[in-house]
Amino acid sequence: QVQLVESGGGSVQAGGSLRLSCAASGYTIGRSCMAWFRQVPGKEREGVAVIDQNGVPNYADSVKGRFTISQDNAENTVYLQMNSLKFEDTATYYCATISPFTTYSVNYCRRANGRPGAFDYWGQGTQVTVSS
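Cut-offs applied
- Residues numbered from 1 in each chain as written.
- Predicted model: local features only at pLDDT ≥ 70, side-chain atom pairs only at ≥ 80, totals over all residues.
- Heavy atoms only, no water.
- Pairing = 2+ DSSP bridges.
- Helix = DSSP H or I, 4+ residues; strand = E, 2+ residues; numbered from the N terminus.
- Axes fitted to C-alpha atoms, helices over the stretch in contact; angles between N-to-C directions.
- Phe/Tyr/Trp six-rings, centres within 6.5 Å; stacked < 30°, edge-to-face > 60°.
- Buried < 20%, exposed > 50% of the residue type's maximum accessible area, 1.4 Å probe, protein only.
- Polar contact = N/O pair within 3.5 Å; in protein donor to acceptor, adjacent residues only side chain to side chain.
- Contact = heavy atoms within 4.5 Å.
- Salt bridge = Lys/Arg side-chain N within 4 Å of Asp/Glu carboxyl O.

(A) Representation of the sheet that holds strand β3 (residues 18-25) within the structure. The sheet built from four strands is open, its strands ordered β1-β3-β8-β7 with antiparallel pairing. The two strands at the open ends of the sheet, each matched to only one other strand, are β1 (3-7) and β7 (67-72). Across this sheet, the average inter-strand angle for adjacent strands is 15°, counted without regard to direction. As defined by bridge partners, β7 adjoins strand β8 (residues 77-82) across six bridges and the pair is classed as antiparallel. Residue pairing in the sheet places S70 in a bridge with Y79 of β8.

(B) Summary view of the packing of aromatic side chains. If you walk through the whole model with that rule in mind, you get five aromatic pairs. Ring centres of F37 and F119 lie 5.3 Å apart, and the angle between their planes is 75°; this geometry places the pair in the edge-to-face category. With F37 in strand β4 (residues 34-39) and F119 in the loop between α1 (106-112) and β10 (121-122), this residue pair connects regions lying 82 residues apart in the sequence. Of the two residues, F37 and F119, neither departs from the other in class, the shared state being buried.

(C) Quick look at the side chain of R66. Examined against the element boundaries, R66 turns out to sit in the loop between β6 (57-59) and β7. Residue class for R66 comes out buried when judged on its relative accessible area of 10%. A distance of 2.7 Å separates the side chain of R66 from the side chain of D89, its partner in a polar contact. Residue contacts for R66: discarding those within four places in its chain leaves Q81, M82, N83, S84, L85, K86 and D89.

(D) Examining the pattern of salt bridges more closely. This model, assessed by the stated rule, comprises four salt bridges. For E46, the salt bridge identified is with R38, shortest N-O distance 3.0 Å. We classify E46 as partly exposed; its relative accessible area is 33%. Overall, the relative accessible area of 5% leaves R38 in the buried class.

Written out as structure tokens, the structure reads:
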């Protein structure tokens, strides 16, 4: 059974840092397309970062230079290191993966970047609140 469990959210002052974790089970993440999204009430779910099957990351312009997506294959966990947090980063953050039971290209993962509908499995979300 595929399961994604986010943790690490909380409240932080602007300029601070948080590290979110996405613990995956039911599959191995090493060759998967994994992503972080975020959503605030009244707005569409927004792509934050993606890491492809080769470990190459990509980021939304709004977080580029501040956030880092990474993975620890031994722990089967994807991380989102968030630095220099801004008030506008406040959101519920979700981890997602394209189905690990299908075969897809790196280009497919790149095309999926920022597109919630391309992802098949989702975590429950973790809240990040940044105070200004």
